[in-house]
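Examining the three-dimensional arrangement
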Amino acid sequence: MSATTLHAPPLSRTRLGLRALMGAAVVILAAFPLLNMLPQDNVLHVSDFLVSVSGKWICYAILALSLDLAWGYAGILSLGHGAFFALGGYAMGMHLMRLIGPRGVYGHPTLPDFMVFLGYQELPWYWLGFQSFPFAMLMVLLVPGVLALVLGWLCFRSRITGVYLSIITQAMTYALMLAFFRNDMGFGGNNGFTDFKELLGMPLNTGAARATLFYASLLTLVGCYLFCLWMTGTKYGRVLTAIRDAENRVRFLGYDTTSHKLFAFVASAMMAGLAGALYVPQVGIINPGEFSPGNSIEAVIWVAVGGRGTLVGAVLGAFSVNGLKTWLTSAAPDLWLFVLGALFVAVTLFLPKGLVGLIQGRGK
Amino acid sequence: MRGRRLYLDGVSVVFDGFRALNNLALVVEPGEMRAVIGPNGAGKTTMMDVITGKTRPTSGVVTFGDLDLTRMDEASIANLGIGRKFQKPTVFDALTVFENLELALKAPRGPVACLRWHLAGAGRTRIEEVAAEIGLTERAHDRAGILSHGQKQWLEIGMMLMQDPDLMLVDEPVAGMTDAETEHTARLLARIAGRHSVVVVEHDLEFVRALGCKVTVLHEGTLLSEGSIDHVQNDPRVVEVYLGR
Ligand SMILES: Nc1ncnc2c1ncn2[C@@H]1O[C@H](COP(=O)(O)OP(=O)(O)OP(=O)(O)O)[C@@H](O)[C@H]1O
Ligand SMILES: [Mg+2]
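Residues numbered from 1 in each chain as written. Chains lettered and ligands numbered in written order. Predicted model: local features only at pLDDT ≥ 70, side-chain atom pairs only at ≥ 80, totals over all residues. Heavy atoms only, no water.

Some words on the overall build of chain B
The criterion, for reference: Working definition: helices are DSSP H or I runs of at least four residues, strands are E runs of at least two. Numbering for both runs from the N terminus. Each radius of gyration reported is based on C-alpha atoms, and the globular scaling rule is 2.2 Å times the count of residues to the power 0.38. Partly exposed residues are those whose accessible area sits between 20% and 50% of the maximum for their type, while under 20% is buried and over 50% is exposed, using a 1.4 Å probe and protein chains only. Residue contacts are counted whenever heavy atoms from the two residues lie within 4.5 Å of one another. For every accessible area listed, the method is Shrake-Rupley and the probe measures 1.4 Å; residues are considered covered only by the protein chains on display. In this count, Lys and Arg are taken as positive residues and Asp and Glu as negative ones, while His and the chain termini are left out. Where a charge lies is defined by one atom per residue type: Lys uses NZ, Arg uses CZ, Asp uses CG and Glu uses CD.
When you go through chain B residue by residue, the secondary structure sums to 10 helices and 10 strands. Its C-alpha radius of gyration of 18 Å places chain B within 12% of the 18 Å reference for a compact globule of 245 residues. Expressed as a percentage of its 245 residues, the buried residues of chain B come to 57%. Of the contacts made within chain B by residues no fewer than 6 positions apart, 67% connect residues no fewer than 24 positions apart. Taken as a whole, chain B presents about 10,100 Å² of accessible surface, with 49% of it coming from carbon and sulfur. Averaging the coordinates of the 27 positive side-chain charges in chain B and doing the same for the 33 negative ones gives two points 4 Å apart.

Listed below in structure tokens is the structure:
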């Protein structure tokens, strides 16, 4: 049988366009801390507020990216990704609390204030090691990763998919929220952690610290984006897409879909944890509210609005929805939840491919 | 002769009291081609579901060589060398024809192996050969979602070929194909048999005749008759339940 050689087609123009969009967004963001140093009356001056708020959005964009990997590619609609974000945040928070040292209100050499207040005599065992930055960073990845591994293994092995899986993930974040609210968990109860002083020897309340954290977040976003882009471009990425669209069929080709989904889910949870860890020192607080089910649902809406299964869409969605939220919560705070709900319904009905679909439609 | 012997005996499948398979027996020797016919609802697809691990039999023995298939999951059975073309063609719509074939190509199946996968020359040649064989060379970089029904049938046959299985289970391969395509399929299957065992389910008796192999007739989940096409066509029981209607 003679066969003609099949050459791979070049990347489509719309796909290149999306990557260019991503590149442009990164360049513009990278300029923010620099433009912040311009005098206030300069038209290009970027306010402190905008720098700090966009630093937060970058963390949300990483969370959205992680969710897109799980939902947009592997078809795992997690309504509990906020939990992985919060766990990463708590791991970083524990490190920041340990770094306060004797500078707390009670001046105890090792115990954080809330522990002194609650009458702890010594540090609980699970707080040991968190004074070390590398150890804390390891936990930022490991804690969400192990939780995703256990939960995913239980669900995927039993072939729990679709709505049932979504409900389980939602229940997980809710249960964690209730647990973290308890004082006897040793995580500061409903106050969580705050009053952080420094990170890596850098005082946190300075412009230099803000800029450093901003660039660290931006670099992480770019790194995660490139990682996802690489991953989804391999045969593994195509197996995920195939699982998303027809999981049973993939099994008959000899793929153990459980392990493929687990791999993606764990990688995604770790990415979400990283986002949470970058978020906490920028906002200066972490409390159980971060586990609230609403947060996870909002993250799903970012991805849906941007366009799932495109990576760039997730980032775009996180920025645009949060931009709208920031503007609206100062302009008309009561309206926000209605607008968010309406946005989700509208996108589902009229823009199934999200903002990216709109751009692609134009490109044709 | 490569491959193992497929052996079913006393196989019953009960769905909520309804017997889709009833004490079914079937033996397919390595390299053999077998046609399975029977009226709608006879249990032909259910039989394939049992062999491929999709449905667990309520009772009975299903072995491939000396391996008990009733204890294995779909992926392990597929990796054992049993490929399947579904009655309703299911290809991955979001992927191109080429990517569909690449996914089916025999290669390590784990996540890390897939991440590190690089399509080498031999694999590419194989994909090109199969794409040509199923007449989809021109469409190789089109998304499978936009193919016609007949082309999806072809693609699914192609994906089965890529797996290079010892046993191929082919459920109604020529549904929705033109006469010329049907003939091409018969030739393709005839060429494959010998190297692989093939079980073909088909309603089209002309097609079955063209295959020129032993025929098994199923009715209400049991074996009704077995033999050459002429033998079963003249079997009074077959005439009564199937051909006579
Ligand atoms: N999952 C199921 N649950 C309940 N009944 C089922 C199930 N699968 C198949 N059946 C029933 O079992 C019987 C056999 O079905 P099967 O699909 O095996 O028939 P078939 O011989 O392939 O028919 P056709 O020629 O129409 O494809 C049918 O009556 C069908 O309705
Ligand atoms: Mg059938």
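From this point on, the discussion continues.
Structural notes on the coordination of the magnesium ion (ligand 2)
All names here are of chain B. Heads up, the condition is: Only N, O and S atoms count as donors, using a 2.8 Å cut-off from the metal and 3.2 Å for Na, K and Ca, and because water is excluded some sites may appear unfinished.
Every protein donor of the magnesium ion (ligand 2) is accounted for by Thr45 (OG1) and Gln87 (OE1), and the metal-donor separations fall at 1.9 to 2.1 Å. You can see Thr45 sitting in helix H1 (residues 44–51) and its partner Gln87 sitting in the loop between strand E6 (82–85) and helix H3 (97–104), a full 42 residues away along the chain. According to the relative accessible area criterion, Thr45 is partly exposed, its value standing at 27%.

Focus on the nonpolar core
The line we're drawing: As used here, the term nonpolar core means buried Ala, Val, Leu, Ile, Met, Phe, Trp, Tyr and Cys residues forming a set that is joined through side-chain atoms within 4.5 Å.
A:Phe193, B:Leu101 and B:Leu155 are the most contacted members of the largest nonpolar core, which has 164 residues in total. The leading source of residues in this core is helix H2 (residues 48–73) of chain A, at 16 residues. Setting aside residues no more than four positions away along its own chain, A:Phe193 makes contact with A:Tyr90, A:Gly93, A:Met94, A:Met97, A:Phe114, A:Trp127, A:Phe187, A:Gly188, A:Gly284, A:Ile285 and A:Ile286. In this structure, B:Leu8, B:Leu26, B:Ile51 and B:Leu80 belong to the second largest nonpolar core, which totals 26 residues.

Considering the site of ligand 1
All names here are of chain B. Note the threshold: Any residue with a non-hydrogen atom lying within 4 Å of a molecule or strand is treated as near it. Any pair of nitrogen or oxygen atoms within 3.5 Å is treated as a polar contact; in protein, a donor-acceptor pairing is required on top of that, and neighbouring residues in sequence qualify only through side-chain atoms on both sides. Three classes are used: nonpolar for Ala, Val, Leu, Ile, Met, Phe, Trp, Tyr, Cys and Pro, charged for Asp, Glu, Lys and Arg, and polar for all others, with Gly counted as polar.
Taken together, 13 residues lie around ligand 1, and Asn40, Lys44, Thr45, Thr46 and Gln87 are the ones closest in. Measuring from an oxygen atom of ligand 1, one finds a backbone N or O atom of Gly41 at 2.9 Å. Between ligand 1 and the protein, one listed contact pairs an oxygen atom with a backbone N or O atom of Gly43 at 2.9 Å. The protein chains hide 62% of the 640 Å² of surface that ligand 1 would expose on its own. Top contributing element to the shell around ligand 1 by residue count: H1, with three residues. Taken together, the residues that form the shell around ligand 1 break down as four nonpolar, seven polar and two charged.

Considering the state of the cysteines
Just so we agree on the cut-off: We call a pair of cysteine sulfur atoms a disulfide whenever their separation is within 2.5 Å.
Per the counting criterion, the structure on display carries zero disulfides over all chains. In this model A:Cys59 remains outside any disulfide bridge; the closest cysteine sulfur is found in A:Cys224, 11 Å from its own. Free of any disulfide, B:Cys114 has its nearest neighbouring cysteine sulfur in A:Cys228, separated by 17 Å. According to the relative accessible area criterion, B:Cys114 is buried, its value standing at 0%.

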